[in-house]
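Per-entry structural report
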Amino acid sequence: MTDQPNQLTRREKTAKIRHLLETEGETVHETVTPFNEGRYRRYAEMDDLEEYRAEARRIQKDAIDRLPELIEQVRDTVTENGGSVYLAEDAADARRHVTEIAESKGAERVVKAKSMTTEEIELNDALEAADLDVWETDLAEFVLQIAEEEPSHIASPAIHKSREEIAALFNAHFDLDEPLQTPEELTSFAREYLLDRITTADIGVSGANFIAADTGTLALITNEGNARKCLVTPDTHVAVAGVEKLIPTIADLPPFLNLIGPAGAGQDITAYVSLFRPPVDSPVADFSEPNEPAFDVGNSDRSFHLVLVDNGRMAMREDEALRETLYCIRCGACANSCANFQQVGGHAFGGETYSGGIATGWEAGVHGEESAAEFNDLCTGCSRCVDACPVNIDIPWINTVVRDRINHGADTSAFDHLVDGLTPDDEPTGIDRSKRLFGNFETLAKWGSRTAPLSNTIADVSVLRSALDRVAGVERERELPRFQRETFRAWFEARDAVEPSDTVREAVLYPDVYTNHVQVDRGKAAVRVLEALDVDVTVPDVPSSGRAPLSQGMIDTASSHARGVHAALAPDIGDGRDVVVIEPSDLAMFQGEYERLLPGDAHEPLAENSYELLEYVFGLLENGAETSALCGPDDRIAARGDIGTEIAYHSHCQQRTLGLEGHTVAVLERAGYDVVTSDVECCGMAGSFGYKSEYYDLSMAVGDVLREQFTEPETEDRTVVASGTSCLDQLDSLLERPSRHPIQVLDPGR
Amino acid sequence: MTTTPVDAFEQSLADLPVRIRRTATDDLDETLEACLDPPTIGVALPFDDISLADYPITLNPTGEELLAASTGVTAGGPAIAEYGSIVVTSRFDGTEHTSLYPDKHVIVLAASDIVPTLANAISELEEAIDDGLTSAVITTGPSATADMGAPVYGAHGPEEVDVIILTDR
Ligand code: SF4
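So, how was this worked out
Residues numbered from 1 in each chain as written. Chains lettered and ligands numbered in written order. Predicted model: local features only at pLDDT ≥ 70, side-chain atom pairs only at ≥ 80, totals over all residues. Heavy atoms only, no water. Helix = DSSP H or I, 4+ residues; strand = E, 2+ residues; numbered from the N terminus. Rg over C-alpha atoms; globule rule 2.2 N^0.38 Å. Buried < 20%, exposed > 50% of the residue type's maximum accessible area, 1.4 Å probe, protein only. Lys, Arg positive; Asp, Glu negative; His and termini not counted. Charge placed at Lys NZ, Arg CZ, Asp CG, Glu CD. Domains from an automatic or database assignment. Contact = heavy atoms within 4.5 Å. Buried area = accessible area lost by both parts, 1.4 Å probe. Salt bridge = Lys/Arg side-chain N within 4 Å of Asp/Glu carboxyl O. Polar contact = N/O pair within 3.5 Å; in protein donor to acceptor, adjacent residues only side chain to side chain. Nonpolar A, V, L, I, M, F, W, Y, C, P; charged D, E, K, R; others polar. Pairing = 2+ DSSP bridges. Near = heavy atom within 4 Å. Expected span 1.5 Å × (residues − 1). Bend = angle between axes of the 7 residues up to and from the residue.

From N to C terminus, chain B includes 5 helices and 11 strands. By the compact-globule yardstick of 15 Å for 169 residues, chain B fits well, its C-alpha radius of gyration being 15 Å. Oriented by its inertia axes, the alpha-carbon framework of chain B measures out at about 45 × 45 × 35 Å. When each of the 169 residues of chain B is scored for burial, the buried share is 57%. The average position of the 6 basic charges and that of the 29 acidic charges among the side chains of chain B differ by 5 Å.

The next thing to look at is the domain arrangement of chain A. All names here are of chain A. For chain A, the assigned domains read domain 1 (10-287 + 300-313) and domain 2 (488-746). If you average the C-alpha positions of domain 1 and of domain 2, the two centres end up 44 Å apart. Opposite the 10 residues of domain 1 that make contact, domain 2 presents 9 residues. Ranking the residues of domain 1 by area buried against domain 2 places Arg 10, Ile 17 and Leu 21 at the top, with a combined share of 46%. For the pair domain 1 and domain 2, the interface holds 1 salt bridge. For Arg 18, the salt bridge goes to Asp 697, with nearest N and O atoms at 2.5 Å. Counting every contact that joins domain 1 to domain 2 gives 4 residue pairs in polar contact (both at pLDDT 80 or more). Within the residue set of the side of domain 1 that touches domain 2, elements represented by two or more residues are α1 (10-23) and α2 (25-45). For the side of domain 1 that touches domain 2, the residue count by class is 3 nonpolar, 3 polar and 4 charged.

What follows is about the pairing of strand β10 (residues 303-309) of chain A. Residue and element names in this part refer to chain A. β10 sits mainly inside the fold: 7 of its 7 residues count as buried. Here β10 shows two buried faces, one formed by Ser 303, His 305, Val 307 and Val 309 and the other by Phe 304, Leu 306 and Leu 308. Note that strand β1 (residues 84-88) and β10 share 5 bridges and pair parallel. Across the sheet, residue Val 85 finds its bridge partner in β10, namely Leu 306. Relative to β10, strand β7 (residues 236-242) runs parallel, the two being bridged by 7 bridges. From the neighbouring strand, Val 238 faces β10, where its bridge partner is His 305.

Now for the interface of chain B and chain A. Contacts between the two partners involve 52 residues from chain B, matched on the other side by 62 residues from chain A. Here chain B packs against chain A, burying approximately 4,900 Å² in sum over the two surfaces, 61% of which is carbon and sulfur. If you sort the residues of chain B by the area they bury against chain A, Phe 92, Met 148 and His 156 of chain B come out on top, with a joint share of 18%. Remark: the boundary between chain B and chain A carries 1 salt bridge. Arg 191 of chain A serves as the salt-bridge partner of Asp 103 of chain B, at 3.6 Å between the closest nitrogen and oxygen. Seen at the junction of chain B and chain A, the total is 28 residue pairs in polar contact (both at pLDDT 80 or more). Taken together, the elements giving at least two residues each to the side of chain B that touches chain A come down to α3 (63-68), β5 (85-90), α4 (95-100), α5 (118-130), β8 (135-139) and β9 (144-145) of chain B. It is α5 of chain B that provides the largest number of residues to the side of chain B that touches chain A, a total of 7 residues.

Taken together, 14 residues are adjacent to the ligand, and Cys 328, Cys 331, Gly 332, Cys 334 and Cys 389 of chain A come closest. Considering only residue class, the shell around the ligand consists of 12 nonpolar, 1 polar and 1 charged.

All names here are of chain A. The terminal C-alpha atoms of helix α12 (residues 253-265) lie 19 Å apart, and with 13 residues this matches the ideal 18 Å at 1.5 Å per residue to within 8%. Where α12 bends most, at Leu 259, the angle is about 25°, and the proline Pro 262 comes one to four residues later. Buried residues dominate α12, accounting for 12 of its 13 residues. Buried within α12 are the following residues: Leu 253, Pro 254, Pro 255, Phe 256, Leu 257, Asn 258, Leu 259, Ile 260, Gly 261, Pro 262, Ala 263 and Gly 264. Trailing α12 by a residue or two, Gly 266 shows a phi angle of about 80°, which is positive.

Here it is as structure tokens:
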């Protein structure tokens, strides 16, 4: 096993990410984006998508619940079939067992089909140390073997390698007279080269995508056909698989087979799904006597060894937060749908073996939290992977819990004078200063408004900025939020309210911390729009949602915010008031994470009665409110500002996961605007992520895709609107023209 | 107009480079010969009255013939209309090798063996596995890879797939 590297410093992290952005970023982006687009296209075509996902999840949950029983069952069925089963406790145990099998056979050459589990246990090194000649036959793995590099993606391990790089690699490594160039030439060279190795191999090693315990049947999914070739050509087959690959029966396979191709790359179904109940009856092909029949038909003398790997999995099963990781079918969709991953790939967004969003769960479970700590912050909680995952795993939550554990495991001897005063949280003192600072944004914002404009002046003083960077990792290039001296709530209370004449609904407009202290204008616009639509609006004193601390992995602090919000809003909800939310990330808290942060069913009333602002406006229009109450493009002559008829809209990642992008588009269109939307997964800012100095480059690289979409000829003159605060901050640094919340476009008082 | 299972199967393969030929058993000679790029190897088909020995096909190849073959002929079925997939089962006969080593795989399929969904095919397979089948593959189109910088057919398996559907079987 490799030793755990010491945790990188902030400066080293910055350098590593910058280096990968420069060297691998472009190829990763070019490879992964089509996978992601393919999944969207294919998912949209599938009528039964949600049934398959629910069914797949049900089967995985049931299989993990019954795992000990399934292990015993597969022991029996495989033994009855004539194979052997070994349950390896850890990686070393698994390596030792496979090496012993090879030695007892007197084997010299091993050919392998792709298996991340053999990467996890570092099997190749062990076999090579025992003098075996080992060949990866999956073409991507073959490229990595020649290049001596690590996988950068769990399903397509060489996404960081371009054709040019592979050609240069092959031409140099194999010292070819006629250099290879095209993908066809490279493929056919590799095929022939590996064919020679397959036909002379003594053992074929594979993983397994699924193992049906009822019959000891393995399902192997490939596009290349190499798994079958490796496994039926030599007479010995060793399958190495995590225990979580067990499913009860063959009849459980269809939902997975229906999902894995679409989820992975938008394929309807992969080219090959092999089902083996080994040892198989197929005759062993004998190439040693080329002029004799290749098959001794009817006589198959084969052996099969199933190596089930625990290596932390049974403990993950007992761990409430990590357990769901075991449902993962390793399709790679969470990586493909991740804006950060699309820019840097798995060499930054990954641990010792696994990469992408779910890697945090796998790495924490099989290699330990330190391995997850290296990259866990690259998950910003944007939640775009949640809709992508074919088994509905709450991947951001796993990332949050592991982050919380890393925080708690942090060195508590450090004493943080500077940050402590501003961070009245419930967290251990050793936690990273930058996390504490961003996690306590509400306190910071209150102080900012109280002391504005002084607080904003301070934000401009360069010595202070460099101190803030050094101590708390706040990127100097970023403009800091401009705190408003008069908060939104103060404005609301001080104004002369006009009672709506015909009240249709009563609503609390939730004064999120950004609207209250920074984006005060969007709050005012929201009040005017709602009142124009005959809603009776109140803006009570409610604590911040807890999104900021949660995104830093400060779960205890987030829970206390959740309790505060719940206590403050429960009476209003009880009185029949709706809760209207401007900031999508807060709505996502109310409708999502609060279920985990509040006891019992306490989250339900708020989840059921809260609405995103434009979703709410849409509902009002649907129920008869007059569109004419909204400011349309025809009113723009009278209106202040430079808002045009044509709008470019960037929704918010969590808003899209909640399925609420369409409401904003619909309302704007009804009001007479022409709207185009961005289709990037995330703006790159993602709350505080883009403010952190080590992630600034990555954040801007992600943002660049959005910048391109909004500066094309079709969009460059459009008025830019966005729903989330951090998206607006990011758009401000990406574009020369201003951006605003959609409610400010519709504001009759603008 | 109702779509027949054969039509549905064929439509599902529209985007993949698979050539589909429909034929009655009586006209098989011409259809099959049109598919063969010699040298050809094959395994016996499970259909009465059809013997590959009547064609220029080597049935029990030597190691050298297996490696040199350009075409491999096997039976297939059940086939899956929703995906255009075909199940190729292997018993004691070297079907896997015959379908994987040559550049072209010719699959002979009975029209009546086309089932609507993957789930239908899996339940047939489940029974067959219970009855002792040890190896099967659900194939959809040719062998493919995108690992060399662009999609390429013919990675480790066939680059071309021809399907002959026996319309009267
Ligand atoms: S967590 Fe879900 S989306 Fe990610 S690889 Fe696993 S199954 Fe696929």
